[in-house]
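Chain residues, written in single-letter form:
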Amino acid sequence: MEELSRVVQPPSDGGDTVDWDALRAETGWELPADYRDFVAAYGLGSISDSIGILTPPFDGYPYGDHLLYGVQWPPVDGTLTWASNEAGDDFLWRCAGEPDKWRVVVRPRDRRRDHEYDMGMAEFLLRLVRGDIRPPLGARLDLPAAFESWREEERSLLDEDGDLEGF
């Protein structure tokens, strides 16, 4: 996470606060430490306006859908989607063993073949934005990568009067 935050600047107002213990007690889900660190530093948002990172709900969560919306522990197919891009490619964990050992899976939109990476989410994102790995994605990731939190996106959609721009 430390290296990722040097390559992709976290939002100035920080990430989001999730009560991980309460989430585990309510849902049975324990999520990888690097992901929890990512949520604390970056929160809900997108990388280069391409890869939308999902989070569990938190106090003030702005949407209806979230990371665990409609899923249960253990997952039926053994995976959990933590991000997707505008082309319909999904980024998942293979939920086998301890959460910190979960592998990243890229499932292209055509769903013909999953591509599995023996690394966690933070390392995967770091290597992706550095160009060290090139999964078969249907959408281009603009580099250098930038992160936009849901709060920044919301602010950019509002004009000075607090109304949505263009409406």
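It should be noted that the structure appears before, not after, this text.
Fair warning: this is a prediction, and the values are worked out from it, not measured in the lab.

K.L.:
Whenever I open this one, unusual backbone geometry confuses me. Can you help?
P.N.:
Where the residue is not glycine, phi is negative for most of them; where a peptide bond is considered, it is trans in most cases. The peptide bond linking Trp73 to Pro74 adopts the cis configuration, its omega dihedral lying at -10°. Within the secondary structure, Pro74 sits in the loop between β2 (51–53) and β3 (79–85). Going from Leu143 to Pro144, the amide bond is cis rather than trans, its omega being 0°. When you line up the elements, Pro144 lands in the loop between α4 (121–130) and β7 (147–149). Although it is not a glycine, Asp49 adopts a positive phi angle of roughly 50°. Its place among the elements puts Asp49 in the loop between β1 (45–47) and β2.

K.L.:
Even after reading the chapter, I still don't get the pairing of β3, so can you show me in this structure?
P.N.:
Each regular strand carries side chains that alternate between the two faces of the sheet. Most of β3 sits out of view: five of its seven residues are buried. Sheet topology places β2 next to β3; three bridges connect them, and they run antiparallel. When the bridges of β3 are listed, Gly52 appears paired with Ser84. By the bridge criterion, five bridges tie β3 to strand β4 (residues 90–94) in an arrangement that is antiparallel. By the bridge assignment for β4, Ser84 is matched with Asp90. Here β3 hands over to β4 after four residues, with Gly88 in that stretch at a positive phi of 90°.

K.L.:
Which parts of the structure should I look at to understand the pattern of salt bridges?
P.N.:
A side chain with one charge can pair with a side chain of the opposite charge if their charged atoms come near. According to the stated counting rule, one finds 16 salt bridges in the structure shown. Between Arg6 and Glu3 there is a salt bridge whose closest N-O contact spans 2.6 Å. Here the residue Arg6 and the residue Glu3 both occupy positions in helix α1 (residues 2–7), the gap between them amounting to three residues, near one helical turn. Residue Arg6 is classed as exposed on the basis of its relative accessible area, which comes to 55%. Of the charged contacts in the structure, one is a salt bridge between Arg130 and Glu3, with a shortest N-O distance of 2.4 Å. Of this pair, Arg130 sits in helix α4 while Glu3 sits in helix α1, and the two are 127 residues apart along the sequence. On the accessibility criterion, Arg130 (43% relative accessible area) is partly exposed. Among the residues examined, Glu3 registers a relative accessible area of 28% and is labelled partly exposed.

K.L.:
So what exactly am I meant to see when it comes to helix α2 (residues 20–27) here?
P.N.:
One full turn of an α-helix is made of 3.6 residues, so residues set three or four places apart face in the same direction. Where α2 begins, one side-chain oxygen reaches toward the backbone nitrogen of Asp21, 3.3 Å away; that side chain belongs to Asp19. Gly28 sits one or two residues past α2 and shows a positive phi near 85°.

K.L.:
Looking at this structure, how should I read the environment of Gly28?
P.N.:
Along the chain, Gly28 turns up in the loop between α2 and α3 (33–41). A sequence separation of 43 residues divides Gly28 from Val71, and the C-alpha atoms of the two residues are 11 Å apart.

K.L.:
Any chance you could explain the packing of α3 against α4 here in plain terms?
P.N.:
A pair of packed helices is characterised by two quantities: the angle between their axes and the separation of those axes. Axis separation between α3 and α4 bottoms out at 7 Å; the angle between their running directions is 65°. Overall, the two elements α3 and α4 adopt an arrangement that is roughly perpendicular. Contacts between α3 and α4 involve Asp34, Tyr35 and Phe38 from the first element and Met121, Ala122, Glu123 and Leu125 from the second. For the contact of α3 with α4, a count of residues per class yields five nonpolar, no polar and two charged.

K.L.:
Explanation requested: the environment of Phe91 in the structure shown.
P.N.:
Tracing the sequence through the fold places Phe91 in strand β4. Take Phe91: its relative accessible area is 0%, and that puts it in the buried class. When the C-alpha positions of Phe91 and Asp65 are compared, they lie 16 Å apart, and in sequence the two are 26 residues distant. When residues no more than four places from it in sequence are discounted, the contact partners of Phe91 are Ile51, Leu80, Thr81, Trp82, Ala83, Ser84, Asn85, Val105, Val106, Phe124 and Leu137.

About the thresholds
Residues numbered from 1 in each chain as written. Predicted model: local features only at pLDDT ≥ 70, side-chain atom pairs only at ≥ 80, totals over all residues. Heavy atoms only, no water. Helix = DSSP H or I, 4+ residues; strand = E, 2+ residues; numbered from the N terminus. Buried < 20%, exposed > 50% of the residue type's maximum accessible area, 1.4 Å probe, protein only. Pairing = 2+ DSSP bridges. Salt bridge = Lys/Arg side-chain N within 4 Å of Asp/Glu carboxyl O. Polar contact = N/O pair within 3.5 Å; in protein donor to acceptor, adjacent residues only side chain to side chain. Axes fitted to C-alpha atoms, helices over the stretch in contact; angles between N-to-C directions. Parallel < 35°, antiparallel > 145°, perpendicular 65-115°, else oblique. Contact = heavy atoms within 4.5 Å. Nonpolar A, V, L, I, M, F, W, Y, C, P; charged D, E, K, R; others polar.

Everything listed here is a matter of geometry and, on its own, says nothing about what the molecule does.
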